[in-house]
Amino acid sequence: MGQYTTAITVLGATGSIGLNTLDVIRRHPEEFSVFALTAHRQIDKLAQLCQQFMPQYAVVADEIAARQLQQQLQHLQVTRTQVLFGQEALCEVSQASEVDGVMVAIVGAAALLPALSAAKAGKTIYLANKETLVMAGALFMQTIQQSGARLLPVDSEHNAIFQTLPENYNGQLNEAGVASLILTASGGPFLHTPVADFAAITPEQAIKHPNWHMGQKISVDSASMMNKGLELIEAHWLFNAPANQLEVIIHPQSIIHSMVRYIDGSVLAQLGEADMRIPIAYCMGLRHRMHSGAEPLDFTANPQLTFLPPDFERFPCLKLAYDVLHSDNNAASCILNAANEVAVAAFLNHQLRFTDLSVLVDFCLQKLSQQQAASIDELMQLDARVRTIAQEWINKQVN
Ligand code: NAD
Ligand code: MG
């Protein structure tokens, strides 16, 4: 082991990916130290994490949350950690000179500015958040290229593809002999539910994913298969893959995490338990294998691996995302993302039916179909505008 430890900021430390990341860090104390931990409003959880990992900084949403955290840290006699709050502080702990690696595990578009700060500062970025690339993929990838930052994909499908592409892959599928990238999808909890029952699906049913334990937003996205749609766009940016070289196949067991189809007929797959510590460890080890805490895959416990084509009528959100990807319009994917975030929040709040998710996203895409957005300001303005329009649509449904 070297003398030097890799200093890590974990954005979204209290969430599902954040906690899995800290679990991996805990297993490798000679390799990693924690520079900053952030959370939105889960103060109790964050205070405990500060006590365990002793970061230099903890960042929360606002001044009230900061005061509460400060009190808890005093109570726990944690004096090392300085408490900060707000977007600017998130950006600061992502770009600070002391930081080597940033785990981006905030959910939604809120991750964009801190992720961009890390990218501009040339950090090693472990990217779990997919909304950043859906909202601003061109800009984000350009920033990475200009600064020389290193981008490692945590999302299990993209991590699987990253593992099965040649290690010297340079963004040219043809040069690597790749015919297509195949994203596997579990199909979520409603793969076999009669479509006629979809309108009555409750948030409680939607967030019960059969294979993965994840945050609420991504769980609803998985149930509607918007998650796979967002992942198509994410794969497009990460691997420079055009829409016609991206496939989706439903594989309900979630044992194969994704595959690469080569032009000679070979298909390479990455397999494992459904445990996010596997892709997290692969990223944090910079592709060197290290223990993640995941159980070894038991083939005899999973004797059947099955596959189905995706059904666009059952999952219209997936179709909307494919259409956006084909349209190659940055503004459209920003609209798709913002509308979906508002729709999912309203569904979780019992203000929308499950079947309204795609209707609302489609409404926003059509209403703003003439929009263009390239710069960060234009994208942020468009994101805000979509949220207003989507909220008005919801208010009309509720009243
Ligand atoms: P989660 O809801 O469990 O955790 C989200 C974290 O972000 C929490 O720490 C929360 O405090 C913080 N947060 C929420 N809103 C915020 C805001 N407005 N500003 C700052 N911080 C905020 O989510 P998760 O399941 O861990 O997912 C995180 C991201 O990783 C998502 O973008 C998701 O799509 C992606 N991802 C998750 C998984 C998974 O297995 N959970 C797999 C692949 C990709
Ligand atoms: Mg995924």
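These numbers were taken from a predicted model, which means no experiment stands behind them. (Residues numbered from 1 in each chain as written. Chains lettered and ligands numbered in written order. Predicted model: local features only at pLDDT ≥ 70, side-chain atom pairs only at ≥ 80, totals over all residues. Heavy atoms only, no water.)

Chemist: So, the coordination of the magnesium ion (ligand 2): which residues are in play, and what are the values?
Modeler: The magnesium ion (ligand 2) binds to the protein through D155 (OD), E157 (OE) and E231 (OE); the donor distances cover 2.1 to 2.2 Å. The sequence pattern formed by the donor residues of the magnesium ion (ligand 2) is D-x1-E-x73-E. Take D155 and E157: they sit in the same class, and that class is buried. (Donors = N, O, S within 2.8 Å, 3.2 Å for Na, K, Ca; no water. Buried < 20%, exposed > 50% of the residue type's maximum accessible area, 1.4 Å probe, protein only.)

Chemist: Give me the site of ligand 1: which residues, what numbers.
Modeler: T14, H40, Q42, E131 and G215 are the nearest of the 22 residues found near ligand 1. T14 places a polar side-chain atom, nitrogen or oxygen, 2.8 Å from an oxygen atom of ligand 1. Measuring from an oxygen atom of ligand 1, one finds a backbone N or O atom of H40 at 2.9 Å. Coverage of ligand 1 by the protein chains reaches 86% of its 830 Å² of free accessible surface. Considered class by class, the residues forming the shell around ligand 1 number 11 nonpolar, eight polar and three charged. (Near = heavy atom within 4 Å. Polar contact = N/O pair within 3.5 Å; in protein donor to acceptor, adjacent residues only side chain to side chain. Areas by Shrake-Rupley, 256 points an atom, 1.4 Å probe, with all protein chains shown as cover. Nonpolar A, V, L, I, M, F, W, Y, C, P; charged D, E, K, R; others polar.)

Chemist: A description of the layout of surface pockets should follow, citing residues and the corresponding values.
Modeler: Here the second largest pocket defines a volume of roughly 680 Å³. Elements that contribute at least two residues to the lining of the second largest pocket include exactly helix 6 (131-147), strand 7 (150-153) and helix 10 (226-239). When grouped by side-chain class, the residues that make up the lining of the second largest pocket number 14 nonpolar, six polar and three charged. (1 Å grid on protein atoms, 1.4 Å probe; cavity = no way out; pocket = protein on both sides within 12 Å on 5 of 7 lines; lining within 4 Å. Points joined across faces, edges and corners; volume = space filled by probe spheres on them. Helix = DSSP H or I, 4+ residues; strand = E, 2+ residues; numbered from the N terminus.)

Chemist: Let's hear about helix 11 (residues 277-284): which residues, and what values?
Modeler: Where burial is concerned, most of helix 11 is hidden: seven out of the eight residues are buried. Among the residues of helix 11, those classed as buried are R277, P279, I280, A281, Y282, C283 and M284. Looking one or two residues beyond helix 11, the residue adopting positive phi is L286, at roughly 50 degrees.

Chemist: With reference to specific residues and values, describe the sheet that holds strand 6 (residues 124-127).
Modeler: One open sheet holds the seven strands; their spatial order is 4-3-2-1-5-6-7, and the pairing between them is parallel. The sheet is open, and its two borders are formed by strand 4 (82-85) and strand 7, each paired with just one other strand. On average, adjacent strands in this sheet sit at an angle of 25 degrees to one another, irrespective of strand direction. In terms of strand pairing, strand 1 (residues 6-11) meets strand 5 (residues 101-104) through four bridges, oriented parallel. Each bridged residue has a counterpart across the sheet, and for L11 the counterpart in strand 5 is V104. (Pairing = 2+ DSSP bridges. Axes fitted to C-alpha atoms, helices over the stretch in contact; angles between N-to-C directions.)

Chemist: Requested: an account of the pairing of strand 6, with residues and values cited.
Modeler: The side-chain alternation of strand 6 yields two buried faces, one formed by T124 and Y126 and the other by I125 and L127. Across four bridges, the pairing between strand 5 and strand 6 is parallel. Bridging across to strand 6, V102 finds its partner in I125. With helix 5 (residues 112-120) bridging strand 5 and the parallel strand 6, this β-α-β connection has right-handed handedness. In this region the chain leaves strand 6, passes through helix 6 and returns to the parallel neighbour strand 7; the handedness of that crossover is right-handed. (Right-handed = clockwise from strand over helix to strand, strands pointing away.)

Chemist: Requested: an account of the packing of aromatic side chains, with residues and values cited.
Modeler: Following the criterion strictly, the structure yields eight aromatic pairs and no others. When the ring of F190 is compared with that of F354, the centres are 5.4 Å apart and the planes differ by 75 degrees; the resulting orientation is edge-to-face. Note that F190 is positioned in the loop between strand 8 (178-185) and helix 8 (203-206) and F354 in the loop between helix 13 (330-348) and helix 14 (356-367), a separation of 164 residues in sequence. Exposure class is identical for F190 and F354. Each is buried. Both rings, one in F198 and one in F354, keep their centres 5.8 Å apart while their planes meet at 75 degrees; by these two values the pair is edge-to-face. Residue F198 is found in the loop between strand 8 and helix 8, and its partner F354 is found in the loop between helix 13 and helix 14; the two are separated by 156 residues along the sequence. Accessibility assignment for this pair places F198 and F354 in one class, buried. Members of the aromatic cluster, joined through ring pairs, are F190, F198, F347 and F354. If you follow R287 out to its NZ or CZ, it ends over the ring of F162, 3.9 Å from the centre. (Phe/Tyr/Trp six-rings, centres within 6.5 Å; stacked < 30°, edge-to-face > 60°. Lys NZ or Arg CZ within 6 Å of the ring centre and 35° of its normal.)

Chemist: Break down a nonpolar patch on the surface for me, with residues and values.
Modeler: On the surface, L271, F299, L305 and F307 cluster together into a nonpolar patch covering about 360 Å² of accessible area. Among the structural elements, F307 can be located in the loop between helix 11 and helix 12 (316-327). (Patch = residues over 30% accessible without salt bridge, like charges linked within 9 Å, V, L, I, M, F, W, Y side chains within 5 Å. Salt bridge = Lys/Arg side-chain N within 4 Å of Asp/Glu carboxyl O.)

Chemist: Can you lay out helix 7 (residues 156-164) for me, pointing to particular residues and giving the numbers?
Modeler: Within helix 7, nine of the nine residues are buried, leaving the element largely enclosed by the surrounding structure. What helix 7 keeps buried is the set S156, E157, H158, N159, A160, I161, F162, Q163 and T164. On its buried side, helix 7 packs onto strand 7, strand 8, helix 10, strand 10 (256-262), strand 11 (267-271) and helix 11. (Contact = heavy atoms within 4.5 Å.)

Chemist: I'd like to hear about the pairing of strand 3 (residues 57-60), residue by residue, with values.
Modeler: Of the two faces of strand 3, the one lined by Y57 and V59 and the one lined by A58 and V60 are each fully buried. As defined by bridge partners, strand 2 (residues 32-38) adjoins strand 3 across three bridges and the pair is classed as parallel. Looking across to strand 3, one finds that T38 is bridged to V59. Crossover connection from strand 2 via helix 2 (residues 43-53) to parallel strand 3: handedness right-handed. Sheet topology places strand 3 next to strand 4; four bridges connect them, and they run parallel. Residue pairing across strands places A58 opposite V83, the latter belonging to strand 4. On the question of chirality, the crossover connecting strand 3 to the parallel strand 4 by way of helix 3 (residues 63-75) is right-handed.

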